[in-house]
Amino acid sequence: MKGIIGKKIGMTSIFGPDGKQISCTVIEAGPCVVTQIKSKDNDGYTALQLSYGEKSEKRAIASEKGHFAKASSTPKSFVKEFRDYSLEKALGESITCEIFAEGEKVDVVGTTKGKGFQGVVKRHGFSGVGQQSHGQLDRQRAPGSIGNSSDASRVFKGMRMAGRMGGDRVKVKGLKVVKIFAEKNYVLISGSIPGHNGSIVYIQN
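Source: prediction; values computed, not measured.

J.: Just checking my understanding: could you explain unusual backbone geometry for this structure?
T.: As a rule of thumb, non-glycine residues mostly have phi less than zero, and peptide bonds are mostly trans rather than cis. Omega for the peptide link from Gly30 to Pro31 comes to 0 degrees, which places this bond in the cis form. Along the polypeptide, Pro31 turns up in the loop between β2 (21–29) and β3 (32–38). In this structure, Asp84 is a non-glycine residue whose phi angle is positive, near 50 degrees. Residue placement: Asp84 occurs in the loop between β5 (76–83) and β6 (94–95). With a phi close to 60 degrees, Asn185 is a non-glycine residue in the positive phi region. Along the chain, Asn185 falls in the loop between β10 (169–181) and β11 (186–190). Assessed through its relative accessible area of 17%, Asn185 is described here as buried.

In structure tokens form, the structure reads like this:
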């Protein structure tokens, strides 16, 4: 497996070779620094730790400064491990978006936008109950009964109810790398990916 840490810039669209318009998400992928190499002998598994995004010296604690200093790097904001990395990289080496190729299929991991506390109509797609006329009072978007027809005097686990919506970690699989702008570290990926503009995402395959 290979991967990189990036930041979602926004969405755009370009025309493919066949003249069709392709909706794309623009991601600033890297550059990332290899700040730790984990091996099966020392750690029990093989992985590559990548770091992305600059962090000011005054906001970094002493242990972070020491950790990044081993890789001859300045403190970074985001750290992510990629297990069983397929590319041979040395400590302190930089990884850019050029590890991917145009036309390649990748998976993108991101965190969805937080919607706050929402009702069942928005959160689960309930249609609502009753009608809006004939004396009904504030019941159009109500969840209805949460009980059951059996003799269990409790609410079963997994009942779809109102609650906090969004902010979930989501992986979108099988997206296509449409275009790579190596000079700006930009990668254009087909379709949409979860998260707001400026959120951190992971590209891997």
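J.: What am I meant to see in the environment of Ser190 here?
T.: Mapped onto the elements of the fold, Ser190 is located in strand β11. Residue classification places Ser190 among the buried residues on the basis of a relative accessible area of 17%. Among all residues touching Ser190, those that are not within four sequence positions of it are Ile22, Ser23, Cys24, Leu175, Lys176 and Val178.

J.: What is the right way to read the sheet that holds β5 from this model?
T.: Strand pairing within a sheet occurs via backbone hydrogen bonds; the two strands may be parallel or antiparallel. Taken together, the four strands give an open sheet; going across it, the order is β5-β4-β3-β6, and neighbouring strands pair in antiparallel fashion. Looking along the sheet, the strands with just one partner apiece sit at the ends: β5 and β6. Direction of pairing for strand β4 (residues 47–54) relative to β5: antiparallel, over a ladder of seven bridges. Paired with Glu54 across the strands is Lys76, a residue of β5. Strands in contact with helix α2 (residues 62–69) are β3, β4 and β5; relative to β3, the strand with the most contacts, it is inclined by about 90 degrees.

J.: Looking at this structure, how should I read the packing of aromatic side chains?
T.: Each aromatic ring pair is summarised here by two numbers: the centre-to-centre distance and the angle between the ring planes. Overall, the coordinates contain two aromatic pairs when judged by the stated rule. Ring geometry for Phe82 versus Tyr85: centroids 6.2 Å apart, planes at 70 degrees, classification edge-to-face. One exposure class covers both Phe82 and Tyr85, and it is buried. Look at Phe82 and Tyr202: their rings are 6.5 Å apart centre to centre, the planes differ by 90 degrees, and that puts the pair in the edge-to-face class. Separated by 120 residues along the polypeptide, Phe82 in strand β5 and Tyr202 in strand β12 (residues 200–204) bring together distant segments of the chain. Pair check on accessibility: Phe82 and Tyr202 agree, each one buried. Following the ring pairs from residue to residue traces out a cluster consisting of Phe82, Tyr85 and Tyr202.

J.: Please clarify how the pairing of β2 should be interpreted in this entry.
T.: Consecutive side chains along a regular strand alternate between the two faces of the sheet. In this sheet, β2 lies alongside strand β1 (residues 3–15) in antiparallel orientation, the contact comprising nine bridges. Its bridge partner being in β2, Lys7 is matched across the sheet by Glu28. Connecting β1 to the next strand, β2, in antiparallel fashion are five residues, including Gly19 with a positive phi near 85 degrees. Across five bridges, β2 lies against β11 in antiparallel orientation. Following the sheet pairing, Thr25 is matched in β11 by Ile189.

What counts and what doesn't
Residues numbered from 1 in each chain as written. Predicted model: local features only at pLDDT ≥ 70, side-chain atom pairs only at ≥ 80, totals over all residues. Heavy atoms only, no water. Helix = DSSP H or I, 4+ residues; strand = E, 2+ residues; numbered from the N terminus. Buried < 20%, exposed > 50% of the residue type's maximum accessible area, 1.4 Å probe, protein only. Contact = heavy atoms within 4.5 Å. Pairing = 2+ DSSP bridges. Axes fitted to C-alpha atoms, helices over the stretch in contact; angles between N-to-C directions. Phe/Tyr/Trp six-rings, centres within 6.5 Å; stacked < 30°, edge-to-face > 60°.

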